[in-house]
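One letter stands for each residue in the lines below.
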Amino acid sequence: MPEFIKELKRTHSCGALTAKDVGAEVILFGWVANRRDHGGAVFIDLRDREGLTQVVFEADTDAAVQATAHELRLEYCVGVRGKVVSRGGNKNPKLATGEIEVHAIQLSIFNKSEPVPFPIEDKVDTAEEKRLNHRYLDLRRAPLQKSLMRRSKMNLITRETMGSMGFLELETPFLVKYTPGGARNFLVPSRLSPGKFYALAESPQLFKQLFMVAGFDRYFQIVKCFRDEDLRLDRQPEFTQIDIEMSFVTQDDIFAAVEKLIVKLWKEILGVDIPAPFPRMRFEDSMRDYGNDKPDLRFGMKHVELTGIVADHAGCGVPLWEPLLGEADASGKKKMKPGQIVKAIKVPASANFSRTETDKLEEFVKGMGSKGLARAKVDEAGNWTQSPLAKTITPDARAAINAACGAGAGDLLLFQFGKESQVHTVMANLRLHLGKKLGLIPEYGPRDPTDPNSWNFLWVVDPPLFEYDDEAHRWAAAHHAFTRPHDESVQFLETDPGKVLCHRYDCVLNGVEIGGGSIRLHDPVVQARVFAAMGIGAEEAEQKFGFLLQALRYGAPPHGGIALGMDRLAMLLTGAESLREVIPFPKTQKGTDLMTDAPNEVTEAQLMELFIKSTAKKAEPADAAAQPKA
RNA sequence: GGGGUGUUAGUUAAGCUGGUUAUAACGCCGGCCUGUCACGCCGGAGGCCACGGGUUCGAGUCCCGUACACCCCGCCA
């Protein structure tokens, strides 16, 4: 068998042969994707990453080869030497290589395969848990191979494009100093420094700024990042960013560079021309109309802000809304309590939801912590029916709300009210849910990847620099402490920190945040005022971020940057349903690897060497025995 | 930390208001077959119904708990 590989080199992939190759003698290597054994003749679909080719063993094949052919089973790894023959009247139009087949002359089984735990086919209907258990087999599926090959191409295009714009690909360490704030870090104990720990870098943030201080001017890196936070459909504990930093630039310069890269990716991967520059939306507008900072602009159903109307109408006669109002002022007028809002979404009459369907919507919002889903159906006269609000609401208020929502006969209004952040979370998710339910957007992915109108890119700009931390009762950096405030906003740093806007930006595509960054703060005086606004003194700042602050004092250039989520880009460009489909070896929602069984326990000796003692409760022996074995 | 969905041959599923031998398809094993491409035909093996308790004369089915997987909130850009 080894002689086969030693002497016979592969001439073609299994996706390469066409009618023009008829008559050629070829050598193919691959896996048995399917077999059809007719006794006298055996048909084998041979698969590699490029495609499928039918190999035939007929009666005129050498008897020994014919005998081996009968032994073939699914997923055997084999080599075949044979002649390319036209299929004549038996063409298979479903196959790229369907015009030809290879009449085998020589066959070598490199390795047999045990029966595979699930079928290796394009259609994926195996439980993900089982797929992850045998990921190397799952990865034999053509769709996954296509996705990862596409991702490889993305890497290539990124390096070419960034290089052509004068960016240097520079590396940064993974084992870094722990810095407080932001995402939770994975910690790595240091053997050489007993009792001390590294952190795995959650991003190269500080180092890329240091590259700018050093004068590298334009940096990029395709880099792994690590965050010890709970997982989601689009969040893995280790993920890849296209990390970018530039000196002597404005926000617009960074947008232009990113747009160039993205336009190139979409052109070369999908053949689609994405119009640039991308539209921009103020953070404030995004929150008001969509309830989050990553609006999906492929459909309407904007949120309707009713807070002002409810306040103006003194609660509108709705008992549930009256507690949202504060004390009356001198004129007897009541204002909404701070942080309390009322919003609605209008579901058009055409949707015609049944009681059961609206009850399901209520379950949906309750799952997000909402107390319920008040609703009102509008009739021809503008009256509300099927609504707990209808009895008590004043006609004036009702008319004002109908007008604000643009509601007419048959339309359904859905309300949320209370704490702003809660209302926004629920309403943002409700809008997306309704968009999918009404068929305005697909469950996932773009409607038609080859249509530029299926891709709604957007820059969300000018967010507040700080957000108030309710628990710590102080202002905290919304992004990070080194974001440059707007010049016009700096005056509010001391008086009204919530009003300070900054040069931070997110790139959003179809409701997915695909990147975010900022112009950095390089003025030490303003930097000190920013720290002060967060209650961080000079000493504390120095202790936490000393090396960066110090570096910024040595002639740091004005600079800024962005990081794009490579995995999310790959997910969107492949139409994948989850990040896990574009990551070769992903983790489960609990952060485990079902194939290798990581993380696992280590020996007492290993811990001692690292000066660590675990406080985790050991599993009872009885429980351990109950665990399914690998 | 909280809410939701699920777990039945190797795989995908069916199994109704509890009823005695738990079905099917694909895969696997054996046999037959020269034009298939979801090949076909005949025969066969394969199950602690995730695990642990409970209710009941009787549990795959009902109840409680646990584990695992997935989705969401919190968390995280």
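Residues numbered from 1 in each chain as written. Chains lettered and ligands numbered in written order. Predicted model: local features only at pLDDT ≥ 70, side-chain atom pairs only at ≥ 80, totals over all residues. Heavy atoms only, no water.

*Asks:* Help me get a handle on the protein's contact with RNA strand B, residues and values and all.
*Replies:* In the vicinity of RNA strand B there are 50 residues, among which Asn-34, Arg-36, Asp-37, Glu-58 and Arg-504 approach most closely. Within 4 Å of the protein, the contacting atoms of RNA strand B are drawn from sugar and phosphate to the extent of 57%. Here a phosphate oxygen of RNA strand B and a side-chain polar atom of Asn-34 are 2.3 Å apart. Glu-129 places a side-chain nitrogen or oxygen 2.7 Å from a sugar or linking oxygen of RNA strand B. Secondary structure elements with two or more residues in the surface near RNA strand B: strand 1 (25-37), strand 5 (100-111), helix 3 (128-133) and helix 12 (420-437). Broken down by class, the residue content of the surface near RNA strand B amounts to 12 nonpolar, 16 polar and 22 charged. (Near = heavy atom within 4 Å. Polar contact = N/O pair within 3.5 Å; in protein donor to acceptor, adjacent residues only side chain to side chain. Helix = DSSP H or I, 4+ residues; strand = E, 2+ residues; numbered from the N terminus. Nonpolar A, V, L, I, M, F, W, Y, C, P; charged D, E, K, R; others polar.)

*Asks:* Now, about the domain arrangement of chain A: what can you tell me, with residues and values included?
*Replies:* On domain assignment, one finds that chain A holds domain 1 (19-111) and domain 2 (299-440). For domain 1 versus domain 2, the separation of C-alpha centres amounts to 65 Å. (Domains from an automatic or database assignment.)

*Asks:* Residues and numbers for the environment of Gly-382, please.
*Replies:* Here Gly-382 is to be found in the loop between strand 17 (374-378) and strand 18 (384-385). Taking C-alpha positions, Gly-382 is 6.9 Å from Ala-409, a pair spaced 27 residues apart along the chain. Not counting the four nearest positions on each side in its chain, Gly-382 is found in contact with Arg-398 and Asn-402. (Contact = heavy atoms within 4.5 Å.)

*Asks:* A description of the sheet that holds strand 20 (residues 457-461) should follow, citing residues and the corresponding values.
*Replies:* Judged by pairing direction, the sheet is mixed, and its 8 strands sit side by side in the order 6-10-11-25-24-23-20-12 without closing on themselves. Both edges of this open sheet fall to strand 6 (168-169) and strand 12 (280-282), since each of them pairs with a single strand only. One ladder, built from 3 bridges, connects strand 12 with strand 20; its direction is parallel. Across the sheet, residue Arg-280 finds its bridge partner in strand 20, namely Trp-459. Against the sheet, helix 7 (residues 251-270) engages strand 11 (238-247), strand 12, strand 20, strand 23 (504-509), strand 24 (512-519) and strand 25 (559-565), with an angle of about 160° to strand 20. (Pairing = 2+ DSSP bridges. Axes fitted to C-alpha atoms, helices over the stretch in contact; angles between N-to-C directions.)

*Asks:* Please provide a residue-by-residue account of the nonpolar core, values included.
*Replies:* One finds Ile-244, Trp-266, Trp-455, Phe-457, Trp-459 and Ile-514 to be the most contacted residues of the largest nonpolar core, which totals 46 residues. Sort the elements by how many residues they give to this core and helix 7 lands first, with 10 residues. Discounting residues that sit within four places of it in the chain, Ile-244 has contacts with Met-162, Phe-167, Lys-208, Tyr-219, Phe-220, Val-258, Gly-561 and Ile-562. Val-318, Trp-321, Ile-393 and Phe-415 belong to the second-largest nonpolar core, a separate cluster that totals 25 residues. (Core = buried A, V, L, I, M, F, W, Y, C linked by side-chain atoms within 4.5 Å. Buried < 20%, exposed > 50% of the residue type's maximum accessible area, 1.4 Å probe, protein only.)

*Asks:* Go over the pattern of salt bridges, please, and point to the residues and values.
*Replies:* As enumerated under the stated definition, the model contains 38 salt bridges in all. The partner of Arg-375 in a salt bridge is Glu-362, with the nearest N and O atoms 3.1 Å apart. With Arg-375 in strand 17 and Glu-362 in helix 10 (residues 355-366), the pair connects residues that are 13 residues apart, well separated along the chain. Under the relative-accessibility criterion, Arg-375 is labelled buried at 8%. By relative accessible area, Glu-362 is classed as buried at 18%. Between Lys-544 and Glu-540 there is a salt bridge, with its nearest N and O atoms 2.8 Å apart. One end of the pair is Lys-544 and the other is Glu-540, both in helix 14 (residues 538-552) and 4 residues apart, which spans about a single turn. (Salt bridge = Lys/Arg side-chain N within 4 Å of Asp/Glu carboxyl O.)

*Asks:* Explain the pairing of strand 10 (residues 218-226) to me, using residue names and the numbers behind them.
*Replies:* Among the 9 residues that make up strand 10, 7 are buried, leaving the element largely enclosed by the rest of the structure. Here strand 6 runs beside strand 10; their pairing, made up of 2 bridges, is parallel. Looking at strand 10, one finds that Glu-169 is bridged to Phe-220. Here strand 10 runs beside strand 11; their pairing, made up of 9 bridges, is antiparallel. Counted as the bridge partner of Arg-218 is Met-246 from strand 11.

*Asks:* Residues and numbers for helix 15 (residues 566-574), please.
*Replies:* Along helix 15, 8 of the 9 residues are buried, which leaves the element largely enclosed by surrounding structure. The set of residues buried in helix 15 consists of Met-566, Asp-567, Arg-568, Leu-569, Ala-570, Met-571, Leu-572 and Leu-573. Positive backbone phi, approximately 70°, marks Gly-575, located one or two places after helix 15.

*Asks:* How would you summarise the confidence of the model for chain A if you had to cite specific residues and measurements?
*Replies:* Residues at a pLDDT of 70 or more form 97% of chain A, whose mean pLDDT is 93. Every residue in residues 619-630 scores below 50 in pLDDT, and together they form 0 contacts with partners more than four places removed in sequence or on other chains. The complex prediction reports pTM at 0.94, with the ipTM value standing at 0.94. (pLDDT = per-residue confidence, 0-100.)

*Asks:* Please give an account of a nonpolar patch on the surface that cites residues and values.
*Replies:* Together, Tyr-178, Leu-187 and Phe-197 give the surface a local cluster of nonpolar side chains, amounting to about 330 Å² of exposed area. Relative to the helices and strands, Tyr-178 is located in the loop between strand 7 (175-176) and strand 8 (187-189). The exposure class of Tyr-178 is partly exposed, given its relative accessible area of 44%. (Patch = residues over 30% accessible without salt bridge, like charges linked within 9 Å, V, L, I, M, F, W, Y side chains within 5 Å. Areas by Shrake-Rupley, 256 points an atom, 1.4 Å probe, with all protein chains shown as cover.)

*Asks:* Let's hear about the sheet that holds strand 7: which residues, and what values?
*Replies:* Ordered by their spatial adjacency, 3 strands build an open sheet running 7-9-8, and the pairing between neighbours is antiparallel. The sheet terminates laterally at strand 7 and strand 8, the two strands that pair on one side only. As paired elements, strand 8 and strand 9 (residues 197-200) share 3 bridges and run antiparallel to each other. Considered in strand 9, the bridge of Pro-189 is made with Phe-197.

*Asks:* Quick one: what's the story with the packing of helix 6 (residues 205-214) against helix 14, residue by residue and with numbers?
*Replies:* Their axes nearest at 10 Å, the elements helix 6 and helix 14 cross at an angle of 20°. Put simply, helix 6 runs roughly parallel to helix 14. In the crossing of helix 6 with helix 14, the sense of the turn from one axis to the other is left-handed. Where helix 6 approaches helix 14, its residues Leu-206, Gln-209, Leu-210 and Val-213 are matched on the opposing element by Phe-547, Leu-548, Ala-551 and Leu-552. Classifying every residue of the contact of helix 6 with helix 14 gives 7 nonpolar, 1 polar and no charged. (Parallel < 35°, antiparallel > 145°, perpendicular 65-115°, else oblique. Left-handed = near helix turned anticlockwise from the far one by under 90°.)

*Asks:* Lay out the state of the cysteines with the relevant residues and their values.
*Replies:* Across all of its chains, the model carries 0 disulfides by this definition. No disulfide involves Cys-502; its nearest neighbouring cysteine sulfur is the one of Cys-507, lying 17 Å away. Taking the relative accessible area as the measure of exposure, Cys-507 reaches 0% and is therefore buried. (Disulfide = S-S within 2.5 Å.)

*Asks:* Could you give an account of the side chain of Thr-179, with specific residues and numbers?
*Replies:* If you trace the backbone, Thr-179 turns up in the loop between strand 7 and strand 8. A relative accessible area of 16% places Thr-179 in the buried class. Dropping the residues within four chain positions of it, Thr-179 is found in contact with Asn-185, Leu-206 and Lys-544.

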